[in-house]
Structures are given as C-alpha cells and as structure tokens.
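The chain contents come next:
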Amino acid sequence: MLRYVIRRILMLIGIVFIISVGSFFLIHLLPGNITAVIEGPGASPENQAKLFKLLGLNRPIYEQYFVWIGNILHGNLGTSFISQTPVVTTIGNALPIDLEIMFLSQILAFAVAIPMAMRSARKPDGVIDRFFSAGSFTMLSVPSFIVIILLVLFVSIKLGIPHTGPSSYVSLRGDWIGNLESMALPAITLAVGSFVVYFRVLRSDLIATLQEEFITMARSKGLSQRRIMWRHAFRPSSVALLGAAGVNIGGLLAGGFVVQYLLNIPGLGYTLIAAINTDDYLLVQGIVLVVSVGVVLINFFFDFIINIVDPRISRE
Amino acid sequence: MTDVSEKLLIVEDLSTTFATAGGPLPAVANISFDLGRNETIGIVGESGSGKTVLSRTIMGLQPRTNVSVTGSVLLDGNEMVGASEDFKRRLWGTEVAMVFQDPMTSLNPVMRIGKQIDEALRVRLGMSKQDAKARAIELLELVGIPSPVQRYKAYPGQLSGGMRQRVVIAIALACSPKLLMADEPTTGLDVTIQAQILNLLDELKERLHMSVVLVTHDLGVVATRTSRIVVMYAGRIVEIGATRDVFANHRMPYTRALLESSPKVSNASHTRLITIPGRPPNLLKLTQGCSFAPRCSYATDKCHQERPELQAADQPGHSFACWNPLPTTRGDSAT
Ligand SMILES: Nc1ncnc2c1ncn2[C@@H]1O[C@H](COP(=O)(O)OP(=O)(O)OP(=O)(O)O)[C@@H](O)[C@H]1O
Ligand code: SF4
Ligand SMILES: [Mg+2]
C-alpha cells in the first residue's frame with residue numbers, strides 16, 4: 001500500500017509538472033509582443049514593463065519557466081490588467097462556488113442512485129428494475145441545457161419561485177438559505193447527469209457481485225437481505241462507481257460552465273468564459289492551471305479511495 | 001435402525017430442476033436418505049453429478065429464481081422445502097451451516113476475515129462486539145490458524161488457499177450448527193493440506209457433536225471418515241449403503257468405476273487417476289434408460305430402455321440401481 005501511494009504521488013508530481021509547462025506555453029504561444037497581447041490594446045508602457053519583469057522575459061525560456069513557477073508556488077498568478085485584480089483573488093472567489101455546486105450535486109446524485117441501484121439489482125429485470133432502468137435511460141438522452149430549461153420552468157411557474165435574474169446567486173457567507181435556493185437548480189441539473197451514470201454503473205456491478213459465491217456464503221450465515229446488500233455486496237461493487245465519480249466530478253469542474261452560464265452562477269466556468277471574452281489571458285491561464293490540477297487531484301483522490309475500498313487492487 | 005425422530009436429517013424424494021434456456025434441467029432427482037445425529041455420511045460422484053446442488057437444496061440455499069424443488073427435507077423437524085427465506089434464515093448458521101467448495105471465491109475479498117466471523121456471532125447470537133471478537137479469535141485458533149490475533153485483521157487475499165478454507169470452516173462453525181454440509185472442502189488444496197483439513201473436520205465433529213454431510217468426488221476421502229456413502233450419478237442416487245459395503249460389495253458398475261478412478265486408500269502416494277471413460281450425460285437430454293448406459297461395459301438393451309430403480313442388496317441399508325449388478329463376491333477394492 002505504501003509503495004503504491006508513493007508511486008502514485010510521484011506520478012502526480014509528473015503530471016502536475018506537465019500541466020504547468022502546458023499552461024506556461026499557453027501564454028508564450030500567443031503571437032506578437034507578448035506583453036502587449038496579454039494586456040490588450042491600450043497597454044501602458046509601465047504595465048508592460050511590470051509584466052515583462054513578472055514573466056522574466058529578458059531571460060532564457062527555461063529560467064522564465066522557473067521564475068513563473070516560483071511565483072505560482074508563492075501564490076502569485078499575476079494581476080489581471082483588465083480588472084486590476086490579482087488572478088488568485090478572482091479564482092479564490094469563484095472556486096468555492098464550483099466546489100459547493102459539485103458537493104451538493106454529488107450528494108444528491110449518490111443519495112438517489114445508490115438506493116435505486118440496490119433496489120434494481122435485487123431483482124434484475126423485475127418490474128422495479130425495468131422502471132428505474134427505463135427512467136434513467138431516458139434521462140441519459142436529455143442534454144443538460146434542456147434539463148435546466150425544464151427545471152427553471154418547473155420551479156418558476158409551477159412552484160411560483162422567481163428565478164434567474166442576472167444576480168440570482170447568493171453568497172454562502174451571508175444568507176445560507178438564500179444560497180441553497182440559488183444553488184438548487186445548478187446542483188439538481190448536474191445531479192441528473194451524474195445520477196444516471198452512477199445508477200447504471202452500480203446496478204450492473206451489484207448484479208454481477210450478487211452472483212458471487214461469497215454472497216451465497218453470506219446468505220448461509222443467516223444474514224438479512226439488507227445486511228447482505230449493504231455489508232457484502234455494496235463495497236465490492238463500488239469500484240467502478242468511484243471510478244465513474246472521479247471522472248465525472250473532474251468533468252464537472254472542467255465543464256460545468258454550460259450550467260453556470262445559463263444560470264448566472266459566477267463559478268470558474270462562468271469566469272473563464274468571461275475572461276475569454278475580454279481577452280484576460282492571465283486569468284484564462286490561471287483558471288486553466290487551477291482546473292487542470294484540480295482534475296488531476298480529484299482523480300488521484302478517487303484512485304486512493306478505490307484502493308481503500310478494494311484492497312485487492314493495490315496488491316495486484 | 002433407530003427411531004425416525006432420532007434422525008437429524010430426513011431427505012425424501014427430493015428433486016431440484018432448473019429452468020434453463022435449453023429447457024428444464026433436472027440437476028437432482030428423487031433423492032432419499034437420512035442422517036443420524038453425530039453421523040457422517042459421504043456423497044460421492046463425478047463433477048456435475050449434482051452434489052453441490054443437492055447439498056444446497058438440503059439447506060434451502062438454492063438460487064431464488066428459475067428453480068423448482070419438490071419432495072421433502074426435514075432438518076431437525078423443520079421442513080426446508082417451500083419454506084420462506086425468513087424461516088430458513090433462522091436455521092442457517094445455527095442448525096445447518098455449509099463449508100463451501102472453493103475457498104478462493106467463498107470469502108468476501110474486501111472484508112477482513114475477523115469481521116466475516118464476527119458478523120455471524122453478532123447478528124445470529126446477539127453477542128457484543130468484544131465477545132464476538134474474542135470468540136472469533138478462539139474459532140481461528142480452533143481451526144488451526146497460527147497467530148489468530150493478527151490474522152483476525154487479514155483480508156482473504158493475504159491468506160493461502162488452505163488458510164482460507166480454515167476460515168470458511170471457522171465461519172461455518174461459528175454458531176455451533178447441528179449439521180455441517182461440507183461441499184468438497186478440500187478440492188484444489190494440496191494433498192497434505194487436504195488431509196489436515198479433513199482430520200480437522202473429523203476432530204471438530206467429535207468435539208462439537210455435529211453431523212456431517214461430506215461431499216467429494218474422491219471415494220478415498222470418505223473411506224475412513226463416513227459411516228455411510230451415497231453414490232450419485234446424473235442427479236440420482238445409484239448406490240447407497242454402509243461405507244464398508246459400498247467399498248467391498250458394490251453392485252453398480254459406476255461405483256466400481258469411481259473406485260478405480262480414486263487414488264487407492266492404501267496407497268496414497270500413488271495418485272495416478274484412472275478417469276472413467278466417456279463423459280457424464282447432458283442433463284437436458286436424458287434418455288428413459290439408465291443414465292450410465294452410454295459409458296457402461298455391462299449395458300444391455302434393457303439398460304437403454306428402462307431406468308433401474310434402487311433395489312435392496314444383501315446387506316441392510318445397502319441398495320443399488322442396476323439391471324446387471326456386479327456379483328456380490330467382489331471384495332478387492334476396499335484395500
Ligand atoms: N443455477 C443453475 N442453473 C442451471 N443449472 C445449474 C445451476 N447450478 C447447477 N446447475 C447444473 O446442475 C448440474 C449439477 O451441478 P453441481 O454443481 O451440483 O455438480 P457437482 O456434483 O457439485 O460437481 P463438482 O464436483 O464439479 O462440484 C450441472 O450440470 C450444473 O450445470
Ligand atoms: S443398468 Fe445397465 S447400463 Fe446402467 S449401470 Fe447397470 S448395467 Fe450399466
Ligand atoms: Mg460441487
């Protein structure tokens with residue numbers, strides 16, 4: 001186990017290094033006078049000089065990389081010349097929103113998918129299983145923006161709760177009920193997509209696990225059906241589920257912008273689109289870097305969890 | 001013969017049929033036998049003869065779908081055939097427990113072995129966490145697992161096949177069952193371990209006053225450990241009797257073929273197997289005749305047309321199903 005963890009950490013460092021090099025060149029591949037491009041039209045010579053120094057553009061390229069990475073390691077991603085705000089501050093404001101949506105949506109998705117899969121797997125092809133499977137399959141084929149529109153219609157018309165003004169997002173710091181209300185729609189939307197995947201993956205693994213001899217053995221001990229499902233079948237069936245969750249959550253971090261954009265939630269995705277639209281390259285670079293490292297970390301985390309859940313994996 | 005109520009297990013006309021894509025598959029057909037308290041009976045037959053299905057059906061542990069069971073299994077007075085899962089659950093572990101055939105697949109790979117023993121004690125006997133743990137360690141010791149305190153925390157993957165089978169036995173014994181169904185408890189283990197496990201079962205049976213159904217494809221295994229033997233072929237009993245009679249005076253050609261294919265008891269190091277020529281019949285395409293006929297060198301026309309029923313042999317409790325039984329004077333196979 002320890003050797004496995006060390007190996008994975010070395011791999012992680014390697015991947016993060018590659019990502020950092022990629023993000024570094026993202027800026028350096030921009031055509032023309034890099035300081036002028038980064039700062040956009042109307043850049044003042046002082047600002048250009050500041051950026052020139054920040055990027056260390058007078059030095060050889062590998063040194064420039066080390067200067068840059070050194071700055072990053074000190075928490076300095078530069079200051080946007082568009083908004084005059086440090087990139088770290090902007091990201092620091094947006095990231096918690098992503099994390100909260102992600103957290104809420106995943107809790108919701110698991111809370112629905114797991115009991116449904118358990119119920120389905122008990123009698124595969126039974127009435128309940130057919131109903132659940134057909135329902136989830138239908139949801140799988142509906143794109144998320146349609147889900148959003150349907151949800152918005154439902155919430156605002158049926159429930160009479162007005163929604164999605166331009167400033168519908170409420171910060172968690174102030175009013176947490178208002179915050180939850182503003183997070184409900186994006187969280188539910190993302191949960192729908194995740195839930196379908198989780199349900200299907202867990203259902204099929206549970207069905208396979210329930211065929212195993214050790215399940216018959218558990219039955220022969222006189223354990224209740226409930227206990228057999230939760231204590232014996234669930235854990236060995238959850239490896240693919242966790243794998244799917246890792247990929248999916250990474251995907252939400254990287255691709256949650258559709259939902260954020262449609263619902264005016266100022267998370268990273270929303271901020272990224274805005275940054276692209278305003279040619280705020282330093283901010284784009286910062287977000288790309290944070291999101292990429294985030295995706296890698298999430299995958300690493302789930303890999304680790306999978307190993308705890310199923311000790312067979314690191315042994316092999 | 002003792003009084004019927006003395007019997008721990010009475011199996012009568014038991015049949016198990018699976019509904020398969022190819023039609024009904026009679027894996028076990030018209031089996032009757034009984035088992036006294038503290039007795040060990042052997043069930044032998046080739047692979048596919050229905051031993052596992054029979055032992056699971058006796059326990060009521062068959063899969064819950066696509067299977068139909070008829071006949072009767074009285075286990076300590078409880079009818080198992082047609083009983084609800086809830087009813088059987090109350091008997092599993094405490095009345096009857098099973099040692100599964102394959103220790104590589106019968107333990108939960110992601111649960112510590114200690115927990116797998118504990119669980120039965122806590123759920124079924126209502127023991128406290130500490131008591132269950134102490135008892136589990138005792139059980140590990142009882143089945144001969146070295147340093148049980150450390151092993152308590154091991155995952156099945158960290159143990160050898162022989163050790164895992166001991167764990168499986170420990171689990172089966174956890175709630176002190178009256179009847180232990182041991183389904184080929186030593187298949188796949190090497191010869192010395194096999195003997196250790198079988199001796200362990202013998203010893204535990206005496207110590208804990210259990211009855212044992214010992215399932216095997218190897219007559220050598222049951223020779224010295226059972227009082228009676230059931231020989232199965234294609235889901236049916238083809239010969240049954242006291243161990244001594246089945247070895248010395250078997251009348252059914254299949255029993256003889258089995259004996260010849262088994263490593264000789266007196267000559268354990270000589271393990272060359274003479275396999276029985278031909279293959280077991282396809283249970284989906286059984287004929288009306290003797291199911292052994294295609295492989296039997298004594299087969300006559302009658303054998304192909306009509307199935308022989310069990311008939312009494314000379315010794316009490318000994319019967320066989322054959323139209324052309326072997327002469328009774330044979331006695332060379334036992335030693
Ligand atoms: N769930 C099932 N569905 C359909 N057929 C089955 C099922 N379980 C067992 N069978 C069939 O029943 C027959 C008897 O199988 P069983 O496992 O009892 O044999 P066995 O005597 O235990 O053999 P082995 O020595 O290989 O363990 C086989 O033909 C098998 O294919
Ligand atoms: S009945 Fe006929 S075919 Fe069957 S075992 Fe006896 S002699 Fe052989
Ligand atoms: Mg078997």
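Up top you'll find the structure we're talking about.
Predicted, not measured: the structure shown is a model, and the values here were computed from it. (Residues numbered from 1 in each chain as written. Chains lettered and ligands numbered in written order. Predicted model: local features only at pLDDT ≥ 70, side-chain atom pairs only at ≥ 80, totals over all residues. Heavy atoms only, no water.)

Helix and strand content of chain A: 15 helices and 0 strands. Counted over contacts in chain A with a minimum sequence separation of 6, partners at least 24 positions apart contribute 72%. (Helix = DSSP H or I, 4+ residues; strand = E, 2+ residues; numbered from the N terminus. Contact = heavy atoms within 4.5 Å.)

So, on to empty space enclosed by the protein. Enumeration over the complete set of coordinates arrives at 8 cavities of 30 Å³ or more. Space inside the second largest cavity adds up to approximately 70 Å³. The wall of the second largest cavity is formed by Met217(A), Ser220(A), Lys221(A), Gly93(B), Ala97(B), Met98(B), Ala120(B), Ile171(B), Ala172(B) and Cys175(B). Breaking the lining of the second largest cavity down by element, the ones donating at least two residues are helix H9 (213-220) of chain A together with strand S6 (96-99) and helix H6 (161-173) of chain B. Its residues assigned to classes, the lining of the second largest cavity comprises 7 nonpolar, 2 polar and 1 charged. (1 Å grid on protein atoms, 1.4 Å probe; cavity = no way out; pocket = protein on both sides within 12 Å on 5 of 7 lines; lining within 4 Å. Points joined across faces, edges and corners; volume = space filled by probe spheres on them. Nonpolar A, V, L, I, M, F, W, Y, C, P; charged D, E, K, R; others polar.)

On to the sheet that holds strand S1 (residues 7-20) of chain B, then. All names here are of chain B. The strand order S2-S1-S4-S5 describes an open sheet built from 4 strands, whose pairing is antiparallel. Lying at the two open borders of the sheet, with one neighbouring strand each, are strand S2 (23-36) and strand S5 (78-79). Here strand S4 (residues 67-75) pairs with S5 via 2 bridges, running antiparallel. Directly across from Leu 75, in S5, lies its bridge partner Asn 78. (Pairing = 2+ DSSP bridges.)

Before going further, it helps to examine the coordination of the magnesium ion (ligand 3). Taken together, the protein ligands of the magnesium ion (ligand 3) are Thr52(B) (OG1) and Gln101(B) (OE1), with distances of 1.8 to 2.3 Å. With Thr52(B) in helix H1 (residues 51-59) and Gln101(B) in the loop between S6 and helix H3 (113-125), this pair connects stretches of sequence that are 49 residues apart. (Donors = N, O, S within 2.8 Å, 3.2 Å for Na, K, Ca; no water.)

Tallied over the entire structure, the rule returns 22 salt bridges over all chains. When the shortest N-O distance is used, the salt bridge between Glu85(B) and Arg219(A) registers 2.9 Å. With one member in each of two chains, Glu85(B) in helix H2 (residues 85-91) and Arg219(A) in helix H9 form a pair that bridges those chains. You'll find Glu85(B) and Arg219(A) in the same group, each marked buried. The residue Arg37(B) makes a salt bridge to Asp76(B) at a minimum N-O spacing of 2.8 Å. Here Asp76(B) lies in the loop between S4 and S5 and Arg37(B) lies in the loop between S2 and strand S3 (40-44), a separation of 39 residues in the sequence. The exposure class of Arg37(B) is partly exposed, given its relative accessible area of 43%. (Salt bridge = Lys/Arg side-chain N within 4 Å of Asp/Glu carboxyl O. Buried < 20%, exposed > 50% of the residue type's maximum accessible area, 1.4 Å probe, protein only.)

On to the site of ligand 1, then. Residue and element names in this part refer to chain B. With respect to spatial proximity, 16 residues lie near ligand 1, and among them Ser 47, Gly 48, Thr 52, Gln 101 and Glu 184 are the closest. Here Lys 51 contributes a side-chain N or O atom positioned 2.8 Å from an oxygen atom of ligand 1. The backbone of Val 53 places a nitrogen or oxygen atom 2.9 Å from an oxygen atom of ligand 1. Isolated, ligand 1 exposes 630 Å² of accessible area, and the fraction of that covered by the protein chains is 67%. Counting only elements with at least two residues in the shell around ligand 1, the list comes to S1, S2 and H1. With 3 residues, the top contributor of residues to the shell around ligand 1 is H1. Here the residues of the shell around ligand 1 sort into 6 nonpolar, 7 polar and 3 charged. (Near = heavy atom within 4 Å. Polar contact = N/O pair within 3.5 Å; in protein donor to acceptor, adjacent residues only side chain to side chain. Areas by Shrake-Rupley, 256 points an atom, 1.4 Å probe, with all protein chains shown as cover.)

Residues and elements named next belong to chain B. The 8 strands lie next to each other as S6-S7-S8-S3-S9-S10-S12-S11, forming an open sheet whose pairing is mixed. Edge positions in the open sheet fall to S6 and strand S11 (311-312), since each of these has one partner strand only. Note that S6 and strand S7 (residues 179-183) share 4 bridges and pair parallel. For Ala 97, the partnering residue across the bridge sits in S7 and is Leu 180. Docked against the sheet, H6 engages S6 and S7, running at close to 175° with respect to S6. (Axes fitted to C-alpha atoms, helices over the stretch in contact; angles between N-to-C directions.)

The next subject is the site of ligand 2. Surrounding ligand 2, one finds 13 residues, the nearest of these being Cys290(B), Cys296(B), Cys303(B), Cys322(B) and Trp323(B). Taken together, the residues of the shell around ligand 2 break down into 12 nonpolar, 1 polar and no charged.

Below, the discussion takes up the interface of chain A and chain B. Facing 21 residues of chain A, the contacting portion of chain B comprises 29 residues. Between chain A and chain B the total buried area reaches about 2300 Å² when both faces are included, carbon and sulfur atoms providing 56% of it. Three residues, Met217(A), Arg219(A) and Lys221(A), lead the burial of chain A against chain B; their summed loss comes to 31% of the area buried on that side. Taking the shortest distance from any N to any O, the salt bridge between Glu213(A) and Arg56(B) comes out at 2.5 Å. (Buried area = accessible area lost by both parts, 1.4 Å probe.)

Below, the discussion takes up unusual backbone geometry. Excluding glycine, residues mostly have negative phi values, and the peptide bonds linking residues are mostly trans. All names here are of chain A. We note that Asp 125 has phi near 70°; this positive angle belongs to a residue other than glycine. Note on placement: Asp 125 falls in the loop between helix H5 (87-122) and helix H6 (127-140). Among the residues examined, Asp 125 registers a relative accessible area of 52% and is labelled exposed.

It is worth spelling out the packing of helix H13 (residues 268-277) of chain A against helix H14 (residues 281-309) of chain A at this point. Residues and elements named next belong to chain A. It is at 9 Å that the axes of H13 and H14 come closest, and there the two elements cross at 150°. Here H13 lies roughly antiparallel to H14, going by the angle between them. Crossing handedness for the pair H13 and H14: left-handed. Along its contact with H13, which presents Leu 268, Thr 271, Leu 272, Ala 275 and Ile 276, the element H14 presents Leu 283, Val 284, Ile 287, Val 290 and Val 291. Residues of the contact of H13 with H14, tallied by class, amount to 9 nonpolar, 1 polar and no charged. (Parallel < 35°, antiparallel > 145°, perpendicular 65-115°, else oblique. Left-handed = near helix turned anticlockwise from the far one by under 90°.)

Another aspect to go through is a positive patch on the surface. Together, Arg119(A), Arg122(A), Lys123(A) and Arg226(A) line one region of the surface with positive charge. Structurally, the position occupied by Lys123(A) is in the loop between H5 and H6. (Patch = residues over 30% accessible without salt bridge, like charges linked within 9 Å, V, L, I, M, F, W, Y side chains within 5 Å. Lys, Arg positive; Asp, Glu negative; His and termini not counted. Charge placed at Lys NZ, Arg CZ, Asp CG, Glu CD.)

A few words on the nonpolar core. In terms of nonpolar packing, the biggest core is built from 100 residues, with Leu9(B) and Phe33(B) touching the most fellow members. Sort the elements by how many residues they give to this core and H6(B) lands first, with 8 residues. What Phe33(B) contacts, discounting residues up to four positions off in sequence, is Leu9(B), Ile10(B), Val11(B), Ile41(B), Ile43(B), Leu54(B), Ile58(B), Val230(B) and Ile240(B). Ile72(A), Ala109(A), Ala191(A) and Ile298(A) belong to the second-largest nonpolar core, a separate cluster that totals 71 residues. (Core = buried A, V, L, I, M, F, W, Y, C linked by side-chain atoms within 4.5 Å.)

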